[in-house]
Amino acid sequence: MTKTELAYTGIYTNWAREAVLAEVEKQMKPSRFQHVLRVEACAIRLAEKYGASLEACSLAAILHDYAKEHDAQSLKAIVLSQGMDREMIGYGSEIMHGPVGAYYAETLFGITDEAILEAIRQHTIGGETMTLIGKVLFIADYIESGRTFKGVDEARRLAEISLEEAAYFKIEKTIIHLVKKELPIYPGTIYVYNSWIQRKVGKSE
Ligand SMILES: [Fe+2]
Ligand SMILES: [Fe+2]
């Protein structure tokens, strides 16, 4: 595949979607590819409900886990060569695959829409500020129909009311989960939480 074959022009045809999907499928095991398809279905539904661009949400969803199964060395190489936050390296692919996935979306797939790139970049930890597309992907990845974790029903309920509420729920639950498991927390995750909690408290005052 060359960059020009899949250049994102804003005219998102079925052909382009199928071509992107075929490339994504090569990067991951079948179960993760099924997750990607479920995230896309959920993202499109949320996009319809909240008035986001369907094609942008579809593309962001299809590409969001492109780098998830890349080995730590290749993820690290992109982080270093692209001047991304080096601190991510200590937190493994779980943190790195978002920003690295956005890098591939831009360089391999020719995506220039910054909202799509930012959504992919932020989908692992969220963002201090997030666009509508960013929130759609962040929530779709969390509540897609294959998810079964404790609290998913509440997350799905919130997603029907407000993307903001659902995003805050995910950010808060993720931090609680990491603390309970006695896992280290990437500082960027804390910054995101601080930003969201300050807005939430500010609203209720
Ligand atoms: Fe991911
Ligand atoms: Fe995902």
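Residues numbered from 1 in each chain as written. Chains lettered and ligands numbered in written order. Predicted model: local features only at pLDDT ≥ 70, side-chain atom pairs only at ≥ 80, totals over all residues. Heavy atoms only, no water.

Labelled according to an unreviewed UniProt entry, the protein appears under the name bis(5'-nucleosyl)-tetraphosphatase (symmetrical), originating from Trichococcus ilyis. What UniProt records for the protein under Catalytic activity (unreviewed entry) is the sentence "P(1),P(4)-bis(5'-adenosyl) tetraphosphate + H2O = 2 ADP + 2 H(+)". (UniProt positions renumbered as here; feature names shortened; annotations may be inferred.)

### Considerations on the UniProt feature "domain: HD/PDEase" (unreviewed entry) in the protein
The sites that carry the UniProt feature "domain: HD/PDEase" (unreviewed entry) are, in the present numbering, residues 28-155. Secondary structure over residues 28-155 splits into 63% helix and 0% strand, and the C-alpha atoms at its two ends are 26 Å apart. (Helix = DSSP H or I, 4+ residues; strand = E, 2+ residues; numbered from the N terminus.)

### Observations concerning the coordination of the iron ion (ligand 2)
At this site the iron ion (ligand 2) is bound by H35 (NE2), H64 (NE2), D65 (OD) and D141 (OD), with donor distances of 2.2 to 2.3 Å. Geometry at the iron ion (ligand 2) is irregular, judged from the four donor atoms that bind it and their angles of 82 to 174 degrees at the metal. Between the iron ion (ligand 2) and the iron ion (ligand 1), a separation of 3.5 Å is found, and both are coordinated by D65. Here D65 lies in the loop between α3 (54-63) and α4 (72-81) and H35 lies in helix α2 (residues 30-50), a separation of 30 residues in the sequence. A relative accessible area of 7% places H35 in the buried class. (Donors = N, O, S within 2.8 Å, 3.2 Å for Na, K, Ca; no water. Tetrahedral: all angles 85-135°; square planar, octahedral: opposite > 155°, others 65-115°. Buried < 20%, exposed > 50% of the residue type's maximum accessible area, 1.4 Å probe, protein only.)

### Thoughts on the coordination of the iron ion (ligand 1)
For a metal with four tetrahedral donors the ideal donor-metal-donor angle is 109.5 degrees, whereas six octahedral donors ideally subtend 90 or 180 degrees. In this structure, D65 (OD), H97 (NE2) and H123 (NE2) serve as the protein donors to the iron ion (ligand 1), at separations of 2.0 to 2.1 Å. For the iron ion (ligand 1), all donor residues lie on one chain, and their spacing in sequence is D-x31-H-x25-H.

### Remarks on the packing of aromatic side chains
Counted under the stated rule, the structure contains five aromatic pairs. Seen from their ring centres, Y66 and Y104 are 5.5 Å apart, and the 55 degrees between their planes marks the pair as tilted. A residue pair is termed long-range when its members are at least 10 positions apart, and Y66 in the loop between α3 and α4 and Y104 in helix α5 (residues 93-107) qualify at 38 residues. Y66 gets classed as buried once you look at its relative accessible area, which sits at 5%. Its relative accessible area of 14% is what places Y104 among the buried residues. Residues Y91 and Y186 carry aromatic rings whose centres are separated by 5.4 Å and whose planes lie at 65 degrees to one another, so their mutual orientation is edge-to-face. In this pair, Y91 sits in the loop between α4 and α5 while Y186 sits in the loop between α9 (163-180) and α10 (187-204), placing the two residues 95 residues apart along the sequence. An aromatic cluster is defined as three or more aromatic residues linked by ring pairs; in this entry it consists of Y66, Y103, Y104 and F109. Over the face of the ring belonging to W196 we find R199, whose NZ or CZ atom lies 4.7 Å from the ring centre. (Phe/Tyr/Trp six-rings, centres within 6.5 Å; stacked < 30°, edge-to-face > 60°. Lys NZ or Arg CZ within 6 Å of the ring centre and 35° of its normal.)

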